[in-house]
Amino acid sequence: MITARLLSLLLSGVPVVLSAQTGIPVSGMTACDAQVQALLNTYGIPGAQFALARNGKLVYDRAFGHADLQGQVPTRPDHLFRLASVSKPITAVAIMELVENGELALSDEVFGSGGLLADHPYLQEVAYTDMRLEDITVEHLLRHTGGWDRGINCFPTPTAPYTWTTPGCDPISAPLHVAATLGESNPIAKEALVRFLMEGGLDHTPGTVYAYSNIGYLVLGLVIEQVSGMSYEDYVKSAVFEPLGICDAHLGRNLPADRSEREVEYEGEGYTTLSCYGTGQVVPWEYGGWNLEAMDAHGGWVASARELVKLLVAVDGFTTKPDILSSASVATMTAPSATNTNYAFGWSVNSANNWWHTGALDGTASMIVRSSNGYTWALLLNKRLTNAQANAFWGAVDALGWNCIAGATSWPTHDLMAMPLNNATDLSATPTGGGAVQVQCTAGDGDGRLVVVRPAGSPLTFPVDGVDYQANTTYGLGDDLGNGTYVVSSGTATSITVDGFTGPGSHVVSVFEYTKNAATGQHTLYMRCGRSDVEVNASSGVGVADRDAARAARLQLRGTLLELGPTAGGNMTVELLDGAGRVVLERNITAGQGVALGGLATGVYTARLLEAGSVVEALRVVIL
C-alpha cells in the first residue's frame, strides 16, 4: 500500500524522486541489480529492462534508469522497447506454427508461378531476370541462405539522394535511394524493398551460402500474410501471442508522436540522415531515418522484456511450461545449418545447446537467451554503441544474464508471469445525475480489478506491480497514481457508482485486472494491455466506450464535442453511424477541430476516423 507520507507528497504536488531501479525486488538477486546498473553507468545507457525466468518461472523482472531522455520518467517493467532483430525469432516461431498446422512446408518455393507468393498483388508483377529466385524455399529464408548477400556492394557512389556511399546491399539502409530507383513513393513500402533485391538478382545459389538477410525475413512476413490471409502483425498476435497472454507487443512506428502506449524514448549517438518520408529534412536515424514501419518481420516489434520471456518459455523445449510448438518443431527450428553451425531458424545456436538472438538499431540494443540449463532472459536497452566501446559493450550485454545467474544467492518461488490472461471487458460508464457515474464491466480472469479515473486529456498513470492501493468511490479521495489518476475501486466488484465529479469536463475510466495469490508470491500483478477505456461526461450525459487503448487516441470527446486531437495528421473525415450502420453525420476535419454531437437522438453510435478513405480509428459514442 502507498504510505501515508508518500500519498501526502503526491497530493500536495511536492516532487517525489523515485528510485532508478523499479520492479519487485528479489532479495537473493541484488548482485543482478548492481550488474544492470553498472552496464548503464559504464556505457551511458538511459534505460534498461531485464527479465529472467528459471525453470519456467519469471523470478526477476526489473527496470533501470529512465524511459525518457530528460531523465524524469523512471523505466518500469511495463515500458515497451524496440526489439530490432530480436523480431526474427518471433517470425520464425510464426512460420513453424504454420508448418506444424500443415499450412505450408519448409520446402515450399516462394517465388515463381508455383511459389507461395505467385499471386501476391505486388510481387507477382516484379520483372526479374535471375531465375534462381524461383528456387528459394521457406527454409532458405529462415536460415539466411536465400542467395542475397548484404556484404557485397550494390549501391552507387554516392548513393543519391544521400551525399555518402551506403556500403553493402541492404535496402533498409538506403530507403530514399530505393524509392528513387524504383519510382516508388516515400516512405518506401516493405514490398518495394523486396522488389529492389529481386530485380537486382542473387549473389549466391540458394541454399549454398549463409549471408544474414533482413529482406529474407521481410519475405517470410509476406509469406505469413499470403498463407494466413491476415496482416503479419494480426497473425502473430492471434496465433502466437494471445494464447500466451502476450498483449504488450506491437509493431513499432517511426516518429515519437506515434509511439505505443508506455513506449520509451530512444537515444542515438548523434548521427543524422535524410528523412525516410522524402521531405528533405535532416533527422536522427532513430526517429525517421530508419523506416521502422517497413521492417515488421525482420526488426519491427516493440515489447517489454517480460513479454519476451513469456514467449521464450513457450518455445524452450523444456517441460516446465507447455510449449506452443511440438518438440519436433522446436528441434527443427533450433537445428544448426550446414552452411553455418551457429545459426538455425531465426536463432543463433551453439554446441552447448544455448539459443539466442541480438538486435541493434540507432537507439536500440536487445538480446534474448535460452540456456541449456533451464534459464531464459531478455535484456532491452534504449541506446546502442557503435564507437570504440562497441565490442566491450556487446560483451557486457552478452555476459549480463550469466553473471546474474552466477551471482544469485537464493531463488524466489514466485512466478511473475502468473498474471491475468484476459482483462475486464464490456466496460461502460453511465451518468446517473448529480455528478455521479455508474461504472460496469465484465470480469476478466484475475483475482480482482483496479478501477481508476482521470481527467480526459490527462495521460494515464499505471499501477505499479507489488503495490496495493486504497480506493474511494468519491473521485479524488482514493490513491492518486499521478496526473489525477485516482483509484475508485479495488477488489472483485464489477459495478460501482463513482461520484464527486464537478464541472463540465469529461473523465476517462480504466480497469486493470490483477492477480494476487500464492503463485505470485502474494505480489499484486496488474494487466495493463488488452483493455478498453471509457470516456464519460457526468454533466452532459455523453459517454465513449470501447476505445483501443494501445495507442494515443486521435478522436477525443470534450463535453458534447468530438474533436480531432493534436496527434492526428492533416485533413481527415469523421463519420458517425447509427445502430443500423447508417451514416448520420459526415465532416471533413483537421487537428484541433470538433464535431458537435448536440441534438442527436439518444442511442449508441459508432464514430469513425478516415484517412484517404481508410478507417484508422473507431469508437462507440453513447448519447443518453
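Draft legend 1. The overall build of the chain, seen in detail. A tally of helices and strands in the chain yields 13 helices and 28 strands. A fraction of 65% describes how many contacts in the chain between residues 6 or more apart in sequence connect residues 24 or more apart. Surface accessibility of the chain: about 23600 Å² in total, with carbon and sulfur atoms responsible for 51%.

Draft legend 2. Expanded view of the pairing of strand 2 (residues 47-54). Among the eight residues that make up strand 2, seven are buried, leaving the element largely enclosed by the rest of the structure. Between strand 2 and strand 3 (residues 57-65), which pair antiparallel one after the other, the connecting turn spans two residues, and N55 there sits at a positive phi close to 50 degrees. Pairing of strand 2 with strand 12 (residues 375-381), which is carried by seven bridges, proceeds in the antiparallel orientation. Its bridge partner being in strand 12, L52 is matched across the sheet by W377.

Draft legend 3. Main features of unusual backbone geometry. The omega torsion across T157 and P158 is -10 degrees, close enough to zero to call that bond cis. Looking at the secondary structure, you find P158 in the loop between helix 4 (138-142) and helix 5 (175-182). Cis rather than trans, the peptide bond between A160 and P161 has omega equal to 10 degrees. Among the secondary structure elements, P161 is positioned in the loop between helix 4 and helix 5. Even without glycine at this site, R262 takes up a positive phi of about 70 degrees.

Draft legend 4. Looking closely at the sheet that holds strand 5 (residues 249-251). Across the sheet, three strands lie side by side as 4-8-5; this open sheet has antiparallel pairing. Each edge of the open sheet carries a strand with a single partner, namely strand 4 (81-82) and strand 5. As paired strands, strand 5 and strand 8 (residues 301-303) are joined by three bridges and run antiparallel to one another. From the neighbouring strand, L251 faces strand 8, where its bridge partner is W301. Strand contacts of helix 8 (residues 232-241): strand 5 and strand 8, with the helix running at about 165 degrees to strand 5, the strand carrying the most contacts.

Draft legend 5. Just the state of the cysteines, in detail. The full count for this structure, using the stated rule, is three disulfides. A sulfur-sulfur separation of 2.1 Å characterises the disulfide bridge that pairs C154 with C169. Of note, the bridge from C154 to C169 carries an S-S torsion of about 85 degrees and is right-handed in sense. Note that C154 is positioned in the loop between helix 4 and helix 5 and C169 in the loop between helix 4 and helix 5, a separation of 15 residues in sequence. On the basis of relative accessibility, which here comes to 35%, the residue C154 falls in the partly exposed class. C169 gets classed as buried once you look at its relative accessible area, which sits at 12%. With its sulfur 1.9 Å from that of its partner, C247 forms a disulfide with C529. One disulfide, between C247 and C529, carries an S-S torsion of 70 degrees and so falls in the right-handed class. Taken together, the residues span a long stretch of sequence, with C247 in the loop between helix 8 and strand 5 and C529 in the loop between strand 19 (525-526) and strand 20 (532-537) at a distance of 282 residues.

The rules we used
Residues numbered from 1 in each chain as written. Predicted model: local features only at pLDDT ≥ 70, side-chain atom pairs only at ≥ 80, totals over all residues. Heavy atoms only, no water. Helix = DSSP H or I, 4+ residues; strand = E, 2+ residues; numbered from the N terminus. Contact = heavy atoms within 4.5 Å. Areas by Shrake-Rupley, 256 points an atom, 1.4 Å probe, with all protein chains shown as cover. Buried < 20%, exposed > 50% of the residue type's maximum accessible area, 1.4 Å probe, protein only. Pairing = 2+ DSSP bridges. Axes fitted to C-alpha atoms, helices over the stretch in contact; angles between N-to-C directions. Disulfide = S-S within 2.5 Å.

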